Amino acid sequence: MIPFQLLAQEYETPLYVYDFDAMTKQFETLKEAFRGKKSILAYAVKANSNLSVIKHFASLGSGADCVSIGEVRRALMAGVPAYKILFSGVGKRDDELREAILSDILYINVESEAELGRVEMVASQLDKVARISVRVNPNIDPQTHPYISTGLHDNKFGVDLDSAKRMYIKAKNSQFLDPVGIHFHIGSQLTQLEPIYEAAVIVADLVRSLSAISIDLKFFDMGGGLGVQYDNEVTITPYDYAQAILGALKGLDLTIIGEPGRFLTANAGYFLTKVLYEKKNGSKRFVVVDGGMNDLLRPSLYKAYHRIEAIGKKGEPSACDVVGPVCESGDFLAKGYELPLMEHNDLLVVHSAGAYGFGMGSNYNTRGRSAEVAFEKGEARLIRDRETFEDLVVLETKYL
Ligand SMILES: *Cc1c(COP(=O)(O)O)cnc(C)c1O
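A quick note: this is a predicted structure, and the numbers were derived from the prediction, not measured. (Residues numbered from 1 in each chain as written. Predicted model: local features only at pLDDT ≥ 70, side-chain atom pairs only at ≥ 80, totals over all residues. Heavy atoms only, no water.)

Quick look at the pairing of strand 5 (residues 107-110) now. In strand 5, alternate side chains face the same way, and those of Y107 and N109 on one face and I108 and V110 on the other are all buried. In terms of strand pairing, strand 4 (residues 85-87) meets strand 5 through 2 bridges, oriented parallel. Following the sheet pairing, F87 is matched in strand 5 by I108. Chirality of the crossover, the property in question, places the unit of strand 4, helix 5 (residues 94-102) and strand 5 among those that are right-handed. Between strand 5 and its parallel partner strand 6 (residues 130-135), the chain crosses via helix 6 (residues 113-126), and the hand of that crossover is right-handed. (Buried < 20%, exposed > 50% of the residue type's maximum accessible area, 1.4 Å probe, protein only. Helix = DSSP H or I, 4+ residues; strand = E, 2+ residues; numbered from the N terminus. Pairing = 2+ DSSP bridges. Right-handed = clockwise from strand over helix to strand, strands pointing away.)

Set out below in structure tokens:
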């Protein structure tokens, strides 16, 4: 049990608290599902990019999947070995490619023919060989929220099968490119196995047809996307997930790479916020709290559901909107949520806030981002200071 009330007193609110032991458990469970196979789990840093979180996964043997050179730097700084770092993303600048190649990371996930041309150009300027993997878009509907669906031709991610094949041939024939892997990632918060299996089968078939023309890949990168339980959704078990991937690979002897983000951190994170006041507009009830969309954007961005716990309150619940102080009607943590009557300083704990929580935060309305606390083996420690007003204006004051 995490002593939320004590942590809120000691570190104040709004506050993020991460259960590191829960993160360990998720990591080991997923790793275990692929036991006996060559596999690397590369934690998707964007889910929660706090250095201490990355360091924690690195200590468990995790690699890192990064979508900017900033994330690559974070991973290296947190102790992830370069040979377990991947660089994905649909738009990479030349300077990012240069640094990635010089850092000797495992490979770059290339998402277009144009990008492959840039990677080759940058590698040739450095007189280096860039290891690459192509992100294939298998045109599979992952049946998740449209904003987090990435595996359809409608989405900007990856390339179709024909382009992928052309890219592998180009890479094979280039002295500056080494095609080592293949990658797909069809979406996030996936709760159905079938689309993952179908995508894996399509990609595995491409691996076989490449092998037939002497392009032998080493890494089969199944991306991330494993869903978690926010409410009462039924999710995919790691065991079934692994069986589906292994089933699609059928005898192909490749190292399996996973890029789990949400699965590792979502339910290990809590967002603590205090009630400022209750308010009514006509008959509509609002609970105004000190944390808002600049702290936790998911409800505003995706209408995402987060369970909210009113610590120590036992009154009769009734429906309310839990809203933050930001000047936007879209600033809410929950709508139509059943809560007891709240009072000033009551504590609300927003569950499942460990992924795409803090990282999507902003300084909108000149609000400093909250502090972050790790809870591990019964002890709490600060892993990021609360931002001060000075932090927010430091890049501007010299121009006054
Ligand atoms: C975001 C992302 C992930 C992680 O997705 P989750 O749903 O958090 O597991 C993995 N790989 C790539 C390429 C991504 O963009």
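Close to the ligand lie 15 residues; K46, S188, E259, R262 and Y356 are nearest. The side chain of D65 places a nitrogen or oxygen atom 3.1 Å from a nitrogen atom of the ligand. Between an oxygen atom of the ligand and a side-chain N or O atom of S188, the distance comes to 2.3 Å. Compared with its free state, where it exposes 390 Å², the ligand has 94% of that area covered by protein. (Near = heavy atom within 4 Å. Polar contact = N/O pair within 3.5 Å; in protein donor to acceptor, adjacent residues only side chain to side chain. Areas by Shrake-Rupley, 256 points an atom, 1.4 Å probe, with all protein chains shown as cover.)

This model, assessed by the stated rule, comprises 19 salt bridges. Among the ionic pairs, R73 bridges to E99, the shortest N-O distance being 2.7 Å. A residue pair is termed long-range when its members are at least 10 positions apart, and R73 in helix 4 (residues 69-77) and E99 in helix 5 qualify at 26 residues. R73 gets classed as partly exposed once you look at its relative accessible area, which sits at 48%. Where E343 meets K313, a salt bridge forms, and the shortest distance between an N and an O atom there is 3.1 Å. Highlighted residues: E343 in the loop between strand 14 (332-339) and strand 15 (347-350) and K313 in the loop between strand 12 (308-310) and strand 13 (318-323), separated in sequence by 30 residues. (Salt bridge = Lys/Arg side-chain N within 4 Å of Asp/Glu carboxyl O.)

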